[in-house]
Amino acid sequence: MNILSHKQIEQYHQQGYCAPVDIMPESDAQALRDELERCERDYPEHIHGKKRNNTHHFLKFMDNIVFHPRVVGAVQDILGPDLLLYGSVLFIKEPESAGYVSWHQDGIYMGLQPLNFITPWVALTHSNPTNGCMSVIPGSHKDAIRQHHDSFGEDNILTRGQKVENVNENDAVDLILKPGQMSLHHPQLIHGSKPNLSQDRRIGIALQAYITPDVKQTVGKGYALHISGEDKFNHFQMATRPKADANPNDIKWRNSVEKDWSEILYNGAKVTREY
Ligand SMILES: O=C(O)CCC(=O)C(=O)O
């Protein structure tokens, strides 16, 4: 697709991330934010602070982002033409809120093998050190998956507060994005984020993750959405795309995906919280 320059592809391979990538004008990102906030008002039982995963199964604007040609094209530039989407997460930090994300590697908790996947994180607002942008440890993807311990921190946005110890924060790089830009990160990249100290929301959409079809779900049931190219493996139960917002069948599907995701994400955990 050639959305990414050679330099950006090189950055991804060498550093484990690539940012910023221009996806859409700021005005389009603002329109998507307006649409997200309308959906939060219209479907409060299906989208709220504790329920922000996999909304692409029942919301049209999320489906549009998932299939956005520049998002998909950028991922294809690295992973090739055959792609499925495993899931999505709305990472929203409310104004002046304590929520943070501990240092972690995504590859530890999704039960996906091999780790042939990439997570685009699309900013609908500015994302900077003041409002708790994502920070990464460049090059950390070249190490194996590190030992994580579950911290279950009250303000930790991750389900079980997965945490890598002994991260040298002096090495961290902040991924500063404008609305309409995205970052891409590797499943072994150590990353995290601090609280939002600003007076506005910080909204990012993690498309978590685009996978190649050879990837398998090794814990529990696997669901995915066909994005592009061929799937010769049929490892996943396939979702259909929403034709309208909040169709009851799509909500039912999303809820069953959530139930199975919860079993995957909490696999072996000592504590679970509302999901
Ligand atoms: O949004 C954040 O602050 C963290 C996001 C994250 O951990 C991820 O997208 O994998």
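Scoring rules and cut-offs
Residues numbered from 1 in each chain as written. Predicted model: local features only at pLDDT ≥ 70, side-chain atom pairs only at ≥ 80, totals over all residues. Heavy atoms only, no water. Core = buried A, V, L, I, M, F, W, Y, C linked by side-chain atoms within 4.5 Å. Buried < 20%, exposed > 50% of the residue type's maximum accessible area, 1.4 Å probe, protein only. Helix = DSSP H or I, 4+ residues; strand = E, 2+ residues; numbered from the N terminus. Contact = heavy atoms within 4.5 Å. Near = heavy atom within 4 Å. Polar contact = N/O pair within 3.5 Å; in protein donor to acceptor, adjacent residues only side chain to side chain. Areas by Shrake-Rupley, 256 points an atom, 1.4 Å probe, with all protein chains shown as cover. Nonpolar A, V, L, I, M, F, W, Y, C, P; charged D, E, K, R; others polar. Pairing = 2+ DSSP bridges. Expected span 1.5 Å × (residues − 1). Arc of directions from axis to C-beta.

A. How the structure looks around the nonpolar core. One finds Leu-184, Leu-207, Tyr-210 and Ile-227 to be the most contacted residues of the largest nonpolar core, which totals 44 residues. When residues in this core are grouped by element, the largest group, 5 residues, is from helix 4 (residues 69-79). Residues in contact with Ile-227, not counting those within four places in the same chain, are Val-66, Phe-67, Val-72, Leu-83, Leu-84, Leu-85 and Tyr-210. With 29 residues, the next largest nonpolar core counts Val-89, Leu-189, Ile-211 and Phe-236 among its residues.

B. Representation of the site of the ligand. As a structural note, the neighbourhood of the ligand is formed by 13 residues, with Trp-121, His-191, Ser-193, Arg-202 and Gln-208 the closest of them. In this structure, Ser-193 approaches the ligand through a side-chain N or O atom, which is 2.6 Å from an oxygen atom. When isolated, the ligand has an accessible area of 300 Å², and the protein chains bury 100% of it. Tallied by class, residues from the shell around the ligand come to 5 nonpolar, 5 polar and 3 charged.

C. Up close: the sheet that holds strand 4 (residues 101-104). On the basis of which strands lie adjacent, the open sheet formed by 4 strands has the order 4-12-7-10 and antiparallel pairing. Only two strands of the sheet have a single partner each, and these edge strands are strand 4 and strand 10 (173-174). Pairing analysis gives 2 bridges linking strand 4 to strand 12 (residues 191-193), with the strands arranged antiparallel. Across the sheet, the residue bridging to His-104 is His-191, located in strand 12.

D. How the structure looks around unusual backbone geometry. That bond from Ala-19 to Pro-20 is cis: its omega, -10°, falls within 30 degrees of zero. Its location among the elements puts Pro-20 in strand 1 (residues 17-22). Omega for the bond connecting Gln-208 with Ala-209 falls within 30 degrees of zero, at 15°, which places this linkage in the cis form. Residue position: Ala-209 is located in the loop between strand 13 (202-207) and strand 14 (210-211). With phi around 55°, Ala-246 is a residue other than glycine that occupies positive phi space.

E. Expanded view of helix 2 (residues 26-42). Over its 17 residues, helix 2 extends 24 Å from the first C-alpha to the last, a length consistent with the 24 Å expected when each residue adds 1.5 Å. All of the buried residues in helix 2 are Ala-29, Leu-32, Arg-33, Leu-36, Glu-37, Cys-39 and Glu-40. Projected down its long axis, helix 2 shows its buried positions confined to an angular sector of 155°, all on one face. Opposite the packed face of helix 2, turned more than 90 degrees from it, sit the exposed residues Ser-27 and Arg-41. Buried residues belonging to helix 2 abut helix 3 (60-66), strand 3 (88-93), strand 6 (117-123) and strand 13.

F. How the structure looks around the side chain of Glu-37. Residue placement: Glu-37 occurs in helix 2. According to the relative accessible area criterion, Glu-37 is buried, its value standing at 18%. Non-local contacts of Glu-37, meaning those with residues more than four positions away in its chain, are made with Arg-201 and Ile-203.

G. Local environment of the pairing of strand 6. With 7 of 7 residues buried, strand 6 lies mostly within the body of the structure. Residues of strand 6 alternate between two faces, with Phe-117, Thr-119, Trp-121 and Ala-123 on one and Ile-118, Pro-120 and Val-122 on the opposite face, all of them buried. When strand 6 meets strand 14, the two strands line up antiparallel, connected through 2 bridges. Among the inter-strand pairings, Ile-118 is bridged to a residue of strand 14, identified as Tyr-210. Across 4 bridges, the pairing between strand 6 and strand 11 (residues 181-185) is antiparallel. For Pro-120, the partnering residue across the bridge sits in strand 11 and is Leu-184. Pairing of strand 6 with strand 13 involves 3 bridges; the strand directions are antiparallel. Bridge pairing in strand 13 places Val-122 opposite Ile-205.

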